[in-house]
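Breakdown of the fold
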Amino acid sequence: MTTSRVPLLSSEEAKRAAAEVELFELKANFSIYRVLLRQPLVAKRLSDLTDVLVGASHIDARLRELLIMRLGWANRGVYEWSQHWKIALLHDGIEKSDLLAIRDWEVHDHWSPRDRAAFRATDETLEHGVLSKETWSEVAQHFPTHEERIELVTIISCWKMLSDIMKTLEVPLDEGVEPWLPDGLEPPGPQL
């Protein structure tokens, strides 16, 4: 992916648009915002939502990033997988082996029951758009508060939505980011 269906704003245009809606200027450097800032209020509201889920969450950063990586892999979201690879390794201290294992999480036995419940919820959301009673029961067992359950479902739904937006708009990876790191494998299934 090198070109976007909606052209990226220049860095300066993106910074001006970000300032108009009080979006943190650093975000204007990322391809996703250089596209979304063509509709500044959408960019701002999506940014606000992700900021809450990142900064004020009851779900720890490690699990959140693993969920984003699982979504990226299972949804063929090149942007999430490739961009969040570095975030997960550098900022959240996740081991490379865990990031690779998330691709086929069910066959790895080192995940906690809480992790497994969250991964199952992610896969079920991608497949059906809703959690079954059985999966919800498992989630409720490992995410005991209403706040945690709401955040889990919102993290999954938010980054799925972002993945769909980025795939549809064909938002390119940021400069210097290679797709499907580190081994070049891509998820199974058709690529649109």
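Below is a summary of the structure that appears in this document. Because the structure is a prediction, the values reported are computed rather than measured.

1. A look at the overall build of the chain
Check the secondary structure of the chain and you find nine helices and zero strands. In the chain, the succession of α and β elements from N to C terminus is α-α-α-α-α-α-α-α-α. Rg of the C-alpha trace for the chain: 17 Å, near the compact-globule value of 16 Å for 192 residues, within the 12% margin. Burial statistics for the chain: of 192 residues in total, 44% are counted as buried. Looking at the chain alone, contacts between residues at least 24 apart form 65% of all its contacts between residues at least 6 apart. As presented, the chain carries roughly 10,100 Å² of accessible surface, and 55% of it is formed by carbon and sulfur atoms. Computed over 22 positive and 32 negative side-chain charges, the separation of the two mean positions in the chain equals 3 Å.

2. Observations regarding helix α9 (residues 146-169)
In a regular helix each residue adds 1.5 Å, so 24 residues correspond to 34 Å; α9 covers 34 Å between its end C-alpha atoms and thus fits that length. The set of residues buried in α9 consists of E148, R149, E151, L152, I155, I156, C158, W159, L162, S163 and M166. Looking at the buried residues of α9, the elements they touch are α2 (31-36), α3 (40-55), α4 (61-74), α5 (78-90), α7 (113-128) and α8 (133-142). Taken from the residues just after α9, E170 is the one with a positive phi, measuring 55 degrees.

3. Some remarks on the packing of α8 against α9
Interaxial distance between α8 and α9 falls to 9 Å at its minimum, and their mutual angle equals 125 degrees. Our classification of the angle between α8 and α9 gives oblique. The hand of the α8/α9 crossing is right-handed. Residues W136, V139 and A140 of α8 form the contact with α9, whose participating residues are R149, L152 and V153.

Cut-offs applied
- Residues numbered from 1 in each chain as written.
- Predicted model: local features only at pLDDT ≥ 70, side-chain atom pairs only at ≥ 80, totals over all residues.
- Heavy atoms only, no water.
- Helix = DSSP H or I, 4+ residues; strand = E, 2+ residues; numbered from the N terminus.
- Rg over C-alpha atoms; globule rule 2.2 N^0.38 Å.
- Buried < 20%, exposed > 50% of the residue type's maximum accessible area, 1.4 Å probe, protein only.
- Contact = heavy atoms within 4.5 Å.
- Areas by Shrake-Rupley, 256 points an atom, 1.4 Å probe, with all protein chains shown as cover.
- Lys, Arg positive; Asp, Glu negative; His and termini not counted.
- Charge placed at Lys NZ, Arg CZ, Asp CG, Glu CD.
- Expected span 1.5 Å × (residues − 1).
- Axes fitted to C-alpha atoms, helices over the stretch in contact; angles between N-to-C directions.
- Parallel < 35°, antiparallel > 145°, perpendicular 65-115°, else oblique.
- Left-handed = near helix turned anticlockwise from the far one by under 90°.

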